[in-house]
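# An overview of the molecular structure
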Amino acid sequence: MSNFLLRKAEPKDVSDILRLIKELAKFEKMEEQVILTEKELLEDGFGDHPFYHCVVAEVPEDKQSSDGYTVIGFAMYYFTYDPWIGKLLYLEDFYVMKEFRGSGIGSDILKVLSETAVKTRCSSMHFIVAEWNKPSIEFYKRRGASDLSDEEGWRLYAIEKNDLLKISAK
Amino acid sequence: MNFKVRAARKEDCKDISRMIMELAVYEKMPDQVKISHEELERDGFSPNPFYECLIAEVPDEHKTKDGYTIVGYVLYFYTYSTWKGRSVYMEDLYVMPDFRGKGIGKGLMAKVAQVGVEKQCVRLQLSVLDWNKPSLDFYVAKGAEDLTAKEGWHFLRFDGQSLDTLAKEAPKD
């Protein structure tokens with residue numbers, strides 16, 4: 001019998017989702033970069049044009065975390081497009097609270113997302129991982145993931161807002 | 001040379017498909033192109049599009065030797081950063097070799113940047129192959145930062161067999 005439940009996130013979950021986002025950012029050593037608010041998460045995920053989809057992992061009350069939470073993991077994803085193969089499922093964030101790891105929650109989240117990808121006609125599930133994050137890289141490689149940065153030489157670039165404004169000016 | 005940047009229409013998908021293949025050849029991966037203009041039409045021009053596309057068009061008197069007036073395109077979509085919110089991802093940017101050096105690439109990218117700013121996106125992301133020096137120079141000149149070098153990000157993928165295997169093991173409701 002399973003001690004956790006995986007379900008689609010609802011508007012009431014945004015505060016837990018933001019809490020978990022910040023915990024993951026802290027683990028990635030970039031906590032100060034989280035400027036997203038609950039209000040934006042609500043509008044962007046549950047408004048007319050959702051920018052993301054989210055799955056949460058919940059435990060029963062009697063199994064709550066040491067600081068009293070029952071929502072103890074999440075995965076955020078959205079659909080992207082590859083002009084060579086079509087629709088893709090992009091995994092943006094994926095996190096299970098430390099005290100709940102090792103019981104198959106992360107593994108089941110990944111399987112549910114893979115099933116979603118297949119059902120929605122996505123050829124592939126893509127995501128990024130920091131190269132120093134060995135436990136995560138091993139988790140994914142054990143399950144058959146390939147590293148496109150190593151194999152094909154792809155590098156991620158970003159242009160921030162102030163430069164975007166310069167580029168867009170006539 | 002005069003050129004016009006405009007939103008792609010469904011009937012432009014054959015030209016877009018042609019240029020997607022040209023770009024794939026340049027990136028040394030033509031055998032990886034699996035979809036045709038039909039999928040592009042279905043996925044970009046339905047009530048729930050999965051991408052947006054702008055094309056660059058030249059007047060008839062400047063058409064290519066094969067008779068094309070559509071000489072460049074940019075394909076992009078919206079993504080979401082859990083740290084900063086809405087972002088725009090530029091998936092493909094391409095101008096036919098004979099039409100480069102005339103500001104068309106810059107024009108296409110400026111329009112995507114403008115769309116991104118209008119939609120309140122906090123940044124534009126893209127990926128480039130590490131050997132593609134002309135493109136790397138073009139983007140860095142516009143303020144692009146290499147996050148793979150700076151923060152160690154690598155692209156990973158589950159596809160084909162590995163994706164199917166995971167999907168089959170998903171817990172039932």
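Residues numbered from 1 in each chain as written. Chains lettered and ligands numbered in written order. Predicted model: local features only at pLDDT ≥ 70, side-chain atom pairs only at ≥ 80, totals over all residues. Heavy atoms only, no water.

Attention now goes to the environment of Met76(A). Looking at the element boundaries, Met76(A) is found in strand E3 (residues 71-82). Between the alpha carbons of Met76(A) and Ile21(A) there is a distance of 9.7 Å; along the sequence they are 55 residues apart. Those residues in contact with Met76(A), other than ones at most four positions away along the chain, are Leu41(A), Tyr52(A), His53(A), Cys54(A), Tyr90(A), Leu91(A), Glu92(A), Asp93(A), Tyr80(B) and Thr82(B). (Helix = DSSP H or I, 4+ residues; strand = E, 2+ residues; numbered from the N terminus. Contact = heavy atoms within 4.5 Å.)

With that settled, consider the UniProt feature "domain: N-acetyltransferase" (unreviewed entry) in chain A. When the UniProt feature table is mapped onto this chain, "domain: N-acetyltransferase" (unreviewed entry) is found at residues 4-166 of chain A. Each end of residues 4-166 of chain A is marked by a C-alpha atom, and these two atoms are 49 Å apart; helix forms 36% of the span and strand 30%. (UniProt positions renumbered as here; feature names shortened; annotations may be inferred.)

Leu41(A), Tyr140(A) and Tyr73(B) are the most contacted members of the largest nonpolar core, which has 120 residues in total. Among residues more than four places away in sequence, those in contact with Leu41(A) are Val14(A), Ile17(A), Leu18(A), Ile21(A), Leu36(A), Phe46(A), Tyr52(A), Met76(A) and Tyr80(B). (Core = buried A, V, L, I, M, F, W, Y, C linked by side-chain atoms within 4.5 Å. Buried < 20%, exposed > 50% of the residue type's maximum accessible area, 1.4 Å probe, protein only.)

On to the packing of helix H1 (residues 13-26) of chain B against helix H2 (residues 37-44) of chain B. Residues and elements named next belong to chain B. Look at H1 against H2: their axes get within 9 Å of each other, and the N-to-C directions meet at 120°. Taken as axis vectors, H1 and H2 run oblique relative to one another. Read as a crossing pair, H1 and H2 show a hand that is right-handed. Taken together, the residues of H2 that come into contact with H1 (itself represented by Cys13, Lys14, Ile16, Ser17 and Ile20) are His37, Leu40 and Glu41. (Axes fitted to C-alpha atoms, helices over the stretch in contact; angles between N-to-C directions. Parallel < 35°, antiparallel > 145°, perpendicular 65-115°, else oblique. Left-handed = near helix turned anticlockwise from the far one by under 90°.)

The interface is formed by 72 residues belonging to chain A together with 71 residues belonging to chain B. Per-residue buried area on chain A facing chain B is highest for Tyr81(A), Trp84(A) and Tyr157(A); these three make up 14% of the total on that side. Taken together, chain A and chain B are joined by six salt bridges. Linking chain A with chain B are 31 residue pairs in polar contact (both at pLDDT 80 or more). Broken down by class, the residue content of the side of chain A that touches chain B amounts to 38 nonpolar, 12 polar and 22 charged. Direction of pairing for strand E5 (residues 124-130) of chain A relative to strand E7 (residues 153-159) of chain B: antiparallel, over a ladder of seven bridges. Bridge pairing in E7(B) links Met125(A) to Phe158(B). (Buried area = accessible area lost by both parts, 1.4 Å probe. Salt bridge = Lys/Arg side-chain N within 4 Å of Asp/Glu carboxyl O. Polar contact = N/O pair within 3.5 Å; in protein donor to acceptor, adjacent residues only side chain to side chain. Nonpolar A, V, L, I, M, F, W, Y, C, P; charged D, E, K, R; others polar. Pairing = 2+ DSSP bridges.)

At a minimum axis separation of 7 Å, helix H3 (residues 105-119) of chain A and helix H6 (residues 160-168) of chain B run at an interaxial angle of 115°. Of the possible angle classes, the one that applies to H3(A) and H6(B) is roughly perpendicular. When the axes of H3(A) and H6(B) are compared, the crossing they make is left-handed. When H3(A) is examined against H6(B), the residues Leu110(A), Lys111(A), Ser114(A), Glu115(A), Ala117(A) and Val118(A) are found in contact with a partner set consisting of Leu163(B), Asp164(B), Leu166(B) and Ala167(B).

All names here are of chain B. Burial runs high along strand E2 (residues 52-57): five of the six residues are buried. Sheet topology note: the strand E1 (residues 4-7)/E2 ladder contains four bridges and is antiparallel. When the bridges of E2 are listed, lysine 4 appears paired with glutamate 57. Direction of pairing for E2 relative to strand E3 (residues 70-81): antiparallel, over a ladder of six bridges.

This part covers the domain arrangement of chain A. Residues and elements named next belong to chain A. We note that the domain assignment places domain 1 (5-127) and domain 2 (130-169) within chain A. Computed from C-alpha atoms alone, the centre-to-centre distance between domain 1 and domain 2 is 18 Å. Residue-level contacts link nine residues of domain 1 with seven residues of domain 2. By the criterion of area lost to domain 2, the three top residues of domain 1 are Phe27, Leu110 and Phe127, representing 47% of everything that side buries. Between the two partners, domain 1 and domain 2, sit zero salt bridges. The interface formed by domain 1 and domain 2 holds one residue pair in polar contact (both at pLDDT 80 or more) in total. The leading source of residues in the side of domain 1 that touches domain 2 is H3, at three residues. Of the residues assigned to the side of domain 1 that touches domain 2, the class counts are four nonpolar, three polar and two charged. (Domains from an automatic or database assignment.)

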